[in-house]
Amino acid sequence: MTTTQTAAATTTNPVLRVAPASPAAAAAYFGASLAFHADVSDVAAALAADGDPGFVVIDSRSTASWDQGHVPGAVHLPTALIAEQAEELLDKSVPVVTYCWGPGCNGATRAALALAELGFQVKEMLGGFEYWVREGFAYETWEGPAQQAADPLTAPVDSDDCGC
């Protein structure tokens, strides 16, 4: 492609209308993103491993949502109660991973912000409870333990590892 063809392609191509960041800027951005986020599979693997995972999981949703289903071992701390209860429930030396319903909800982001403002190290679990269930991980409800088959659009059918 000539320079003129490349310029024409980038002005009409919606993906390249804004040029990609430089490799250095992209590395800084994606490196920072990993400092702020954890995915459902990594959280599940860390919780399933023997020993202390090195973090605590916080469900920032309402009591009705918690009762409907939550990550086993999570601490229930609705976002609205973080300011008054976080310091009595959590240890500031232990990182926190927040979650809410799913990618269409920013409750985990609001909870992570509230915790960070109180001095906690925090990450947000991408996908939230929705993807915990969709990836086939066990969860707890007010009635007891539950689990659904993994959704093949979110987790590999014949493997425990998606390869990412």
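Check the entry above for the structure.
To keep things clear, this report deals only with the structure shown in the data block. None of these values were measured; they are calculated from a predicted model. (Residues numbered from 1 in each chain as written. Predicted model: local features only at pLDDT ≥ 70, side-chain atom pairs only at ≥ 80, totals over all residues. Heavy atoms only, no water.)

Mapped onto the elements, Asp-52 comes out in the loop between helix 3 (40-48) and strand 2 (56-59). The class of Asp-52 is exposed, set by a relative accessible area of 68%. At a separation of 2.9 Å, a polar atom in the side chain of Asp-52 contacts the main-chain amide nitrogen of Gly-54. (Helix = DSSP H or I, 4+ residues; strand = E, 2+ residues; numbered from the N terminus. Buried < 20%, exposed > 50% of the residue type's maximum accessible area, 1.4 Å probe, protein only. Polar contact = N/O pair within 3.5 Å; in protein donor to acceptor, adjacent residues only side chain to side chain.)

Side chains bearing opposite charge may pair, as long as their charged atoms lie close to each other. This model, assessed by the stated rule, comprises 4 salt bridges. Between Arg-134 and Glu-130 there is a salt bridge; the shortest N-O distance is 3.3 Å. Placement of both Arg-134 and Glu-130 in helix 7 (residues 128-134) is noted, with a separation of 4 residues, approximately one turn of the helix. In this structure Glu-130 comes out as partly exposed when scored by relative accessible area, which is 33%. For Arg-134, a relative accessible area of 23% gives the class partly exposed. Each member of the salt-bridge network shares a partner with another, and the members are Glu-130, Arg-134 and Asp-151. (Salt bridge = Lys/Arg side-chain N within 4 Å of Asp/Glu carboxyl O.)

Turning our attention to the pairing of strand 4 (residues 96-99). Residues of strand 4 alternate between two faces, with Val-96 and Thr-98 on one and Val-97 and Tyr-99 on the opposite face, all of them buried. Relative to strand 4, strand 2 is paired through 4 bridges, and the arrangement is parallel. Residue pairing in the sheet places Asp-59 in a bridge with Tyr-99 of strand 4. Examined bridge by bridge, strand 4 and strand 5 (residues 122-126) share 3 bridges and lie parallel to one another. Paired with Thr-98 across the bridge in strand 5 is Glu-124. With helix 6 (residues 107-117) bridging strand 4 and the parallel strand 5, this β-α-β connection has right-handed handedness. (Pairing = 2+ DSSP bridges. Right-handed = clockwise from strand over helix to strand, strands pointing away.)

We now examine the state of the cysteines. Applying the stated criterion to the full structure yields 0 disulfides. Between Cys-100, a free cysteine, and Cys-105, which holds the nearest cysteine sulfur, the sulfur-to-sulfur gap is 3.4 Å. The class for Cys-100 is buried, based on a relative accessible area of 3%. (Disulfide = S-S within 2.5 Å.)

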